[in-house]
Each structure stands twice: as C-alpha cells, then as structure tokens.
Amino acid sequence: TMQVLWMSVVSCGIIINEKFRISYMINMSLVAIMLHLVGGTRSAFICTELLLVFGYFFRHDRRKHGRRIHMRGSAFALRHIFTILFVINNGLCLSMAFKDSPWLQRVDYLFTGRLSITVRYFKGICKEMVPLFPVSKDVNLREWALGSYVLDSAYSQLLFGYGLIYSIMILCLLHRIMERAMELHLWSVVMVFVAIAFNSMMEPTILSILYNPGILLCIPILIANNKYPLALKAKTVEG
C-alpha cells in the first residue's frame, strides 16, 4: 500500500506540473530512497526513479522536437509496453522452469525471488506450460507456491488466476488505452502507465482499482474526443 500511495503521489505531480525541474526529481528521489531503506520498497523505488528520469528526459526532448514522438521504435515500444513486459516476465519464468542457469538466478535476485514463486507454478501445477484457462485451486499450494495463491507479479497473477485468454484480453485493453493516450498527446499519462507496467512485473494487484485508483484514468481516456483532448479541454472551455 505504501508503494502504491507513493507512486500515486509522484504520478499526480508529473501530471499536474507542466514544468519538470531537477529539484523536483531530487526531492522525490530522496523520499523514495527513505521509503526503500525503511520499508524495503524496492519495486516502488525502481519504478519511481524510472518515472522521474523518463519524464524529465521525455519533456526535455519534446521541447526540442515538438509534441509528437518522431522515433517509430519508441512509439512502438510504448504502445506495446504491457505486452512486451508480459512476455519478458513469463518468458523468464518458463526459462527457469526448463533449466537452471547463473544469469537467471541473478535476474531472480533483482526481482527479490519473485520469479521463483512463478516457476513453482509452472513446474508443479502447469507442468512447464502456459495455462490457457484458469488454474485449478485444489492443489497443494503450500508445496508449490509457499502457501499462497497470490503471486507477486500482476501479469503472472492474471495468467494463473484467469488463464492466457483472459490475460490477452486485458493486454488488448491496455494496448488500446496507451494508443488513445498517445493519440491525445497525454504524455504524462503515458509516463505513468509505463511505470505501472514495470511495477506490474514485480508487485501484485497493481492493475486492480482497489489497490491502484490510477487505473480509473482508463475510462476518460477511452471516451475522450480527439477534437478536445483531456489536457486541453479546460483551456478550451475557458477560451
């Protein structure tokens, strides 16, 4: 909860503030470091720094080149960020299920052992396969998943809780949201969702409205009119 609250504070600051100063980055980073040292909020610290650095350089580059993204590769990566991270995260878990290697163990350490929990599902419940449908819960969870059915990765949690078909539907929805945000030039929202995507590789329930109210941004983004983007609507009404 503390991690999500802090990410929400940083996200709101990025959305509201038009000017992105280095002093803001330093102050937010110092608080994130304190939270990490006190509460061990590693994923929130990583994603907060990603959000701050990405936001600073993105806005600095936008002032030089205008509002649009000119690099097709960057636009493609941002539009498909959820799908890309879903494949990477669960691909690493499948790789660990098939073979043990030193570099995978180092990657698992960066995830604080979270990949290992998912590997237990692949090996014990799914037999080293990606489930198409929800996984049966009448299994020995204590043996295969450390006594908990809740996974530490939101993407893996969707995969094992609802299956690959449902996960693909969610990824398609998130893809459309990112696409609409880029069409409306809501770059601050794009930055926030990129941070959410990275955090979803390491933390559960980040895609849930109960734990992350920022997901409610999806609704106005999907129904916004191209002629009156959300970022300019207030100024247009005043004019």
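Visitor: How do you make sense of the overall build of the protein when you look at a structure like this?
Guide: In terms of regular secondary structure, the protein is built from twelve helices and zero strands. Along the protein, helices (α) and strands (β) appear in the sequence α-α-α-α-α-α-α-α-α-α-α-α when read from the amino end. By residue count, 43% of the 239 residues in the protein fall in the buried class. Taken as a whole, the protein presents about 13,400 Å² of accessible surface, with 65% of it coming from carbon and sulfur.

Visitor: What am I meant to see in the nonpolar core here?
Guide: In this structure, Phe82, Phe122, Tyr155, Phe160, Val190 and Phe193 are the most contacted members of the largest nonpolar core, which totals 63 residues. If near-sequence neighbours (up to four positions away) are discounted, Phe193 is found in contact with Phe82, Ile177, Met178, Gly214, Leu217, Cys218 and Ile221.

Visitor: Just to check I follow, could you spell out the pattern of salt bridges for this structure?
Guide: Side chains that differ in sign of charge can pair as their charged atoms come close. All chains considered together, the criterion is met by four salt bridges. Residues Arg79 and Glu179 are paired through a salt bridge, measuring 4.0 Å at the closest nitrogen-oxygen approach. Of the two residues, Arg79 is situated in helix H4 (residues 72–79) and Glu179 in helix H9 (residues 154–183); the sequence distance between them amounts to 100 residues. Since its relative accessible area comes to 23%, Glu179 is described here as partly exposed. Linked through salt bridges whose partners overlap, the residues forming this network are Arg79, Arg176, Glu179, Arg180 and Glu183.

Visitor: In this structure, what is going on with helix H5 (residues 81–98)? I would like to understand it.
Guide: Owing to its 3.6 residues per turn, the α-helix aligns residues three or four sequence positions apart on the same side. Compared with an ideal rise of 1.5 Å per residue, which puts 18 residues at 26 Å, H5 spans 26 Å between its outermost C-alpha atoms and is within 8% of the ideal. All of the buried residues along H5 are Ile81, Phe82, Leu85, Phe86, Asn89, Asn90, Leu92, Cys93, Leu94, Met96 and Ala97.

Visitor: For this particular structure, what's the right way to read the packing of aromatic side chains?
Guide: What characterises a pair of aromatic rings is the spacing of the ring centres plus the angle enclosed by the ring planes. A complete count under the given rule lists four aromatic pairs for this structure. Relative to Phe160, the ring of Phe122 lies with its centre 5.2 Å away and its plane at 70°, an arrangement referred to as edge-to-face. Remark: Phe160 occurs in helix H9 and Phe122 occurs in helix H7 (residues 114–124); sequence separation between them is 38 residues. Its relative accessible area of 1% is what places Phe160 among the buried residues.

Visitor: Would you explain a nonpolar patch on the surface in this entry?
Guide: A cluster of nonpolar side chains, contributed by Ile22, Ile26, Leu30, Ile33, Leu37 and Val38, occupies part of the molecular surface with about 610 Å² of accessible area. Position of Ile22 relative to the elements: it lies in helix H2 (residues 22–39). A relative accessible area of 45% means that Ile22 is categorised as partly exposed.

Rules used in this analysis
Residues numbered from 1 in each chain as written. Predicted model: local features only at pLDDT ≥ 70, side-chain atom pairs only at ≥ 80, totals over all residues. Heavy atoms only, no water. Helix = DSSP H or I, 4+ residues; strand = E, 2+ residues; numbered from the N terminus. Buried < 20%, exposed > 50% of the residue type's maximum accessible area, 1.4 Å probe, protein only. Areas by Shrake-Rupley, 256 points an atom, 1.4 Å probe, with all protein chains shown as cover. Core = buried A, V, L, I, M, F, W, Y, C linked by side-chain atoms within 4.5 Å. Contact = heavy atoms within 4.5 Å. Salt bridge = Lys/Arg side-chain N within 4 Å of Asp/Glu carboxyl O. Expected span 1.5 Å × (residues − 1). Phe/Tyr/Trp six-rings, centres within 6.5 Å; stacked < 30°, edge-to-face > 60°. Patch = residues over 30% accessible without salt bridge, like charges linked within 9 Å, V, L, I, M, F, W, Y side chains within 5 Å.

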